[in-house]
Amino acid sequence: MTSISQDGDRDKLRSVSVDLNNDTPLLIDIPDALCERDKVKFTIHTKTTLNSFQKPDFSVSRQHEDFIWLHDTLVETEDYAGLIIPPVPPKPDFESPREKMHKLGEGEATMTKEEYTKMKQELEAEYLAVFKKTVQVHEIFLQRLSSHPAFSKDRNFQIFLEYDQDLSVRRKNAKEMFGGFFKNMVKSADEVLISGVKEVDEFFEQEKTFLLDYFGKIKDATAKAEKMTRSHKNLADDYIHISATLTTIAADDNEAFKSKACISNVCVCVQKLEARVASDQELKLTELFRYYMRDIQAAKDLLYRRARALADYENSNKALDKARLKSKDVGQAEEHQQQCLQKFDKLSESGKKELTSFKARRVVAFRKNLIEMAELEIKHAKSNMSLLHACIEQLQSN
Amino acid sequence: PPSCLPAEDISTNSNGPKQEILLDDDQEDLFAEATEEVSLDSPEREPILSDGPSPAITPVTPTVIITPRAEASMFDRSLDEDEDTEENGDTFDMQITVSDPEKVGGFGCTSLNLFSRNEFSVKRRFSDFLGLHSKLASKYMHIGYIVPPAPEKSIVGMTKVKVGKEDLSSAEFVEKRRSALQRYLTRTVTHPALLKDPDVIQFLENTELPRAVSTQALSGAGILRMVNKAAEAVNKMTIKMNESDAWFEEKQQQFENLDIQLRKLHASVESLVCHRKELSVNTASFAKSAAMLGNSEDHTALSRALSQLAEVEEKIDQLHQEQAYADFYLFSELLGDYVRLIAAVKGVFDQRMKTWSKWQDAQLLLQRKREAETKLQYANKPDKLQQAKDEIKEWETKVQQGERDFEQISKNIRQEVGRFEKQRVKDFKVVIIKYLESLVHTQQQLIKYWEAFLPEAKAIA
């Protein structure tokens, strides 16, 4: 069982954060979480001044599946069709560190005690990093909901935050009711439909072109950034082995002891720094791209819904013409056409607002992360350099 | 028999006069060196011929050929050497440079005597280097000299996995070989006895080398066979050597341990090189992807920043490549050289045991001859008796020779090991410092690139 507590300075560690004004009527955070084998239990803490809630300050325990349930109910709510629904946080994935830990256990006999301990420490740090990331991404999801004028008032959201029993019953019911129909439709058909519909609005035309193209590019960038980070981590691990062997040689070898021990220490520090560079890069770059890739998918989903509404409207026009021709059920057809038009207009209006604020949000997040990444890289390189200089001096003076 | 097998007959004349002068003069000093820890700055050190290489010259550090990518100043060492020679006054220090092979023919090999300023430039094939080594090994290994091993014929390192843009390209392979040959030759001329060896001199100075008798046998494998034969002989020894000298036992154990650790270290460094090359490839790939993303981005300032990010990552890729180059040529190759050198050291220890065994065998045979003679004294066969007496004289001589040879090889090994240890410490220290400096250089560049990028990121509005 592993548990972590979030402490201050959280903002520095995350790639995406939500601007929270402390005067907001609804403040949510995940102060800690428990990891029990495969299940992560998040503690959701809410502080609110809203009357709709029973208490001003309370906490509940939730699992990842509860988040999925909440997200799905939002997606399936008609009223939210014109909004970008915050992407569901990905499932906690400890596969990678767990596999590595397993491999490490198998290879224990081939390493010195020191090497094994260091490798184990690195893996534990990786495990912890995965854990922290998953907590953050779940927290962001809730915070985006709480800071949105429409979502913050959602009934299911309130249940999620407040209901002091577990939500498994509700989850089961929801699955039976909706069957994930809408979700599947979106996944399989959106590209085709979005590109196929004739667009009258310049704004949406541009957005469509941009988002479709950008999604592909950011997906690729995410994958490449991931690979880069992994190589970097491998490199850092090599220094652990080098350092351990140098220590052994130094111990056997009186004449060159000081220099070998010095180098061994340098390798330890280089390893730590390279590992730090790798994880910072991951957080500021890879995680950023990953998050916005999902967010862009959510934006695309909005475009899809609007495209469907447009298609419905066009169909209703055709039906109205047909009815007028036949002079049958004209009133009904007119009403239906009006509804479709209203829905489409509503989606367009709200969609435009959402997409505009989305772009602004994205640019701000990119800026923040790129600055922070550059600053961290500089910091690490300077540390590395002073460390190396010290060692060179020590070796030359011997 | 192939020419790489050792000269088994250890008669006093077979190795030429030079070697003996070397040994007899400096007995006491050699032992002193071998057992005491003499610091490089110690005032007692006189630059005598049989002494190790002068403390300041470090000709075994690899001079890396400048590629268009690497900065020349990083790896250039000729400045250091010239300064130090003047301080010392040694007359036999040589600077060796092996240059890129031309399309036809072989490696350009230039030797510059740092004192006399005599310079020779010749062209040699790879097999010529192997031939030189096999001659030297067959002449000197069995008397206890640590003959520097020739470079490997094969391309692949100890770990089979190679990843990289220039995967086993011929340019990379040629450079690796050229560098290895330079280090090999430099180590060879650093050895005070080998430097004066006629085969070495001929190699360095003659325009044309005599055709080797059997070129196929001139390989590392041939020498390996010789070393293995010695090891086999040791294993087959019926009487275990009664080591009266703890020094040898200690040293042998030490080299065993060092061998294991260096191999391990070498493997880790090869892994480091491999991962760094991978990182370079992945960084370049990411740079392209970031550039595409920048192009696709419709917010102008962010688009620019992303394009700049792509450029930074491209530059960082270059850095990784240069660093991998340093990882390899400074660190990894040095370790590989020393793994092979230690094999040569272990080889001479085995030769010593073989020599001892031969001496013991001679003693046994002498004993038997004496017993036979005693028996013949009562047999009244005067001519047979005379023959027996002659054989006894013959074997007495052989026993004496055997003892002398054993003492000689023991003395040589002590001297050689002392020299080797000092050289090792020096080599590693210099190379490690160079390597650390390469790391410093990388960090400096990283700071430069990111500091240039920072305002671009801040300019996103």
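Keep in mind that this is a model prediction, so the values were computed, not measured.

Enquirer: I would appreciate a short explanation of the overall build of chain A in the present structure.
Expert: Of regular secondary structure, chain A possesses 10 helices and 4 strands. Looking at chain A residue by residue over its 398 residues, the buried ones come to 50%. The contacts of chain A with a sequence gap of at least 6 include a subset with a gap of at least 24, amounting to 76%. When the accessible surface of chain A is summed, it comes to about 19,700 Å², and 52% of that surface belongs to carbon and sulfur atoms.

Enquirer: Looking at this model, I keep getting lost on the interface of chain B and chain A. Mind explaining?
Expert: Interfaces are often sized by the accessible area lost when the parts come together. With 56 residues of chain B in contact, the opposing surface of chain A contributes 59 residues. Contact between chain B and chain A buries roughly 5,300 Å² in total, counting both sides, with carbon and sulfur atoms accounting for 70%. The partner of Asp-298 of chain B in a salt bridge is Lys-359 of chain A, with the nearest N and O atoms 2.6 Å apart. The interface formed by chain B and chain A contains 19 residue pairs in polar contact (both at pLDDT 80 or more).

Enquirer: For this particular structure, what's the right way to read the pairing of strand 3 (residues 119–124) of chain B?
Expert: Regular strands show a simple pattern: their side chains alternate between the two faces of the sheet. Residue and element names in this part refer to chain B. The pairing of strand 2 (residues 107–113) with strand 3 spans 6 bridges and is classified as antiparallel. Looking across to strand 3, one finds that Thr-110 is bridged to Ser-121. Between strand 2 and the antiparallel strand that follows it, strand 3, lie 5 residues; Arg-117 among them carries a positive phi value of about 65°.

Enquirer: Which parts of the structure should I look at to understand the domain arrangement of chain B?
Expert: Residue and element names in this part refer to chain B. Parsing chain B into structural domains produces domain 1 (92–214) and domain 2 (260–460). Computed from C-alpha atoms alone, the centre-to-centre distance between domain 1 and domain 2 is 16 Å. Across the domain 1/domain 2 interface, buried area totals approximately 2,700 Å², and carbon plus sulfur atoms make up 57% of it. Scanning the region where domain 1 abuts domain 2 turns up 5 salt bridges. In this structure, Arg-183 engages Glu-333 in a salt bridge whose closest nitrogen and oxygen atoms are separated by 3.3 Å. One can count 8 residue pairs in polar contact (both at pLDDT 80 or more) joining domain 1 with domain 2. Considering every element that reaches the side of domain 1 that touches domain 2, the biggest residue donor is helix 6 (residues 170–190), with 7 residues.

Enquirer: Would you take a moment to explain the packing of helix 3 (residues 95–106) of chain A against helix 4 (residues 113–146) of chain A for this structure?
Expert: Any two packed helices are characterised by how steeply their axes cross, that is the angle between the axes, and by the distance between the axes. All names here are of chain A. Packing of helix 3 against helix 4 leaves a shortest axis separation of 9 Å and a crossing angle of 165°. Classified by the angle their axes make, helix 3 and helix 4 are roughly antiparallel. Note that helix 3 runs across helix 4; the crossing there is left-handed. Contacts between helix 3 and helix 4 pair Ser-96, Pro-97, Lys-100, Met-101 and Leu-104 from the former with Tyr-116, Met-119, Lys-120, Leu-123, Glu-124, Glu-126, Tyr-127 and Val-130 from the latter.

Enquirer: Just to check I follow, could you spell out the nonpolar core for this structure?
Expert: Burial of nonpolar side chains together is a common tendency in soluble globular proteins. Ranked by size, the top nonpolar core spans 133 residues in total, and within it Leu-185 and Trp-450 of chain B carry the most contacts. If you tally residues by element for this core, the top one is helix 11 (residues 300–377) of chain B, at 21 residues. For this core, the domains that each give at least three residues are domain 1 (92–214) and domain 2 (260–460) of chain B. Among all residues touching Leu-185 of chain B, those that are not within four sequence positions of it are Ile-96, Val-98, Cys-109, Phe-129, Leu-132, Phe-203 and Leu-204 of chain B. Ranked by size, the runner-up nonpolar core spans 32 residues in total, among them Ile-30, Phe-42, Ile-44 and Phe-160 of chain A.

Enquirer: Sorry if this is basic, but what is going on with the side chain of Thr-48 of chain A here?
Expert: When you line up the elements, Thr-48 of chain A lands in strand 3 (residues 39–48). At 2.8 Å, the side chain of Thr-48 of chain A and the backbone oxygen of Pro-25 of chain A are in polar contact.

Enquirer: Help me understand the sheet that holds strand 2 of chain B, please; the structure alone is not making it clear to me.
Expert: The pairing of strands in a sheet happens through backbone hydrogen bonds and is either parallel or antiparallel. All names here are of chain B. Ordered by their spatial adjacency, 3 strands build an open sheet running 1-2-3, and the pairing between neighbours is antiparallel. Of all the strands in the sheet, the pair left with one neighbour each is strand 1 (94–99) and strand 3. In this sheet, adjacent strand axes meet at a mean angle of 15° when their direction is disregarded. Relative to strand 2, strand 1 runs antiparallel, the two being bridged by 6 bridges. Across the sheet, residue Gln-95 finds its bridge partner in strand 2, namely Leu-112. Its contacts with the sheet put helix 6 on strand 1 and strand 2, and the angle it makes with strand 1 is roughly 160°. The strands touched by helix 8 (residues 198–205) within the sheet are strand 1, strand 2 and strand 3, with strand 3 carrying the most contacts at an inclination of about 85°.

Enquirer: Explain the pattern of salt bridges to me, please; I cannot follow it from the model alone.
Expert: A side chain with one charge may pair with a side chain of the opposite charge, provided their charged atoms come close. Residue and element names in this part refer to chain B. Taken as a whole and assessed by the stated rule, the structure comprises 48 salt bridges over all chains. Notably, a salt bridge pairs Lys-139 with Asp-197, separated by 2.8 Å at the nearest N-O pair. Placement of the pair is Lys-139 in helix 5 (residues 126–140) and Asp-197 in the loop between helix 7 (192–195) and helix 8, with a sequence separation of 58 residues. Residue class for Lys-139 comes out partly exposed when judged on its relative accessible area of 22%. The partner of Lys-139 in a salt bridge is Asp-199, with the nearest N and O atoms 2.8 Å apart. You can see Lys-139 sitting in helix 5 and its partner Asp-199 sitting in helix 8, a full 60 residues away along the chain. A relative accessible area of 17% places Asp-199 in the buried class.

Enquirer: Mind showing me how you'd approach the packing of aromatic side chains here?
Expert: One pair of aromatic rings is described through two measures. These are the centre distance and the angle between the planes. Per the counting criterion, the structure on display carries 28 aromatic pairs over all chains. Ring centres of Phe-210 of chain A and Tyr-214 of chain A lie 4.9 Å apart, and the angle between their planes is 35°; this geometry places the pair in the tilted category. Taken together, the positions of Phe-210 of chain A and Tyr-214 of chain A, both in helix 8 (residues 202–252) and 4 residues apart, correspond to about one turn of that helix. Residue Tyr-214 of chain A is classed as buried on the basis of its relative accessible area of 0%. Centre to centre, the rings of Tyr-291 of chain A and Tyr-292 of chain A are 5.5 Å apart; their planes meet at 80°, and the pair counts as edge-to-face. The exposure class assigned to Tyr-292 of chain A is buried, which follows from its relative accessible area of 2%. In this structure an aromatic cluster arises from ring pairing among Trp-247, Phe-248, Phe-255, Tyr-338, Phe-349, Phe-420 and Phe-428 of chain B. The ring of Phe-215 of chain A is capped by Lys-300 of chain A, whose NZ or CZ atom sits 3.8 Å from the centre of that ring. Its guanidinium or amino end placed over the ring of Phe-366 of chain A, Arg-362 of chain A lies 5.8 Å from that ring's centre, counting from NZ or CZ.

Enquirer: What exactly am I supposed to notice about empty space enclosed by the protein here?
Expert: Remark: the empty space left among the atoms is shown by a probe the size of a water molecule rolled over them. A full pass over the atoms with the stated rule returns 14 cavities of 30 Å³ or more. In this structure, the largest cavity encloses a volume near 220 Å³. Every residue lining the largest cavity is counted, 21 residues in all, and those nearest its centre are His-232, Glu-274 and Val-277 of chain A together with His-320 and Leu-446 of chain B. Partitioning the lining of the largest cavity into residue classes produces 8 nonpolar, 9 polar and 4 charged.

Enquirer: How should the side chain of Ser-296 of chain B be read in this particular structure?
Expert: Along the chain, the position of Ser-296 of chain B falls in helix 10 (residues 246–296). Apart from the residues lying within four places of it in its own chain, the contact partners of Ser-296 of chain B are Phe-210, Asp-213, Tyr-214 and Lys-217 of chain A.

Cut-off values and rules
Residues numbered from 1 in each chain as written. Chains lettered and ligands numbered in written order. Predicted model: local features only at pLDDT ≥ 70, side-chain atom pairs only at ≥ 80, totals over all residues. Heavy atoms only, no water. Helix = DSSP H or I, 4+ residues; strand = E, 2+ residues; numbered from the N terminus. Buried < 20%, exposed > 50% of the residue type's maximum accessible area, 1.4 Å probe, protein only. Contact = heavy atoms within 4.5 Å. Areas by Shrake-Rupley, 256 points an atom, 1.4 Å probe, with all protein chains shown as cover. Buried area = accessible area lost by both parts, 1.4 Å probe. Salt bridge = Lys/Arg side-chain N within 4 Å of Asp/Glu carboxyl O. Polar contact = N/O pair within 3.5 Å; in protein donor to acceptor, adjacent residues only side chain to side chain. Pairing = 2+ DSSP bridges. Domains from an automatic or database assignment. Axes fitted to C-alpha atoms, helices over the stretch in contact; angles between N-to-C directions. Parallel < 35°, antiparallel > 145°, perpendicular 65-115°, else oblique. Left-handed = near helix turned anticlockwise from the far one by under 90°. Core = buried A, V, L, I, M, F, W, Y, C linked by side-chain atoms within 4.5 Å. Phe/Tyr/Trp six-rings, centres within 6.5 Å; stacked < 30°, edge-to-face > 60°. Lys NZ or Arg CZ within 6 Å of the ring centre and 35° of its normal. 1 Å grid on protein atoms, 1.4 Å probe; cavity = no way out; pocket = protein on both sides within 12 Å on 5 of 7 lines; lining within 4 Å. Points joined across faces, edges and corners; volume = space filled by probe spheres on them. Nonpolar A, V, L, I, M, F, W, Y, C, P; charged D, E, K, R; others polar.

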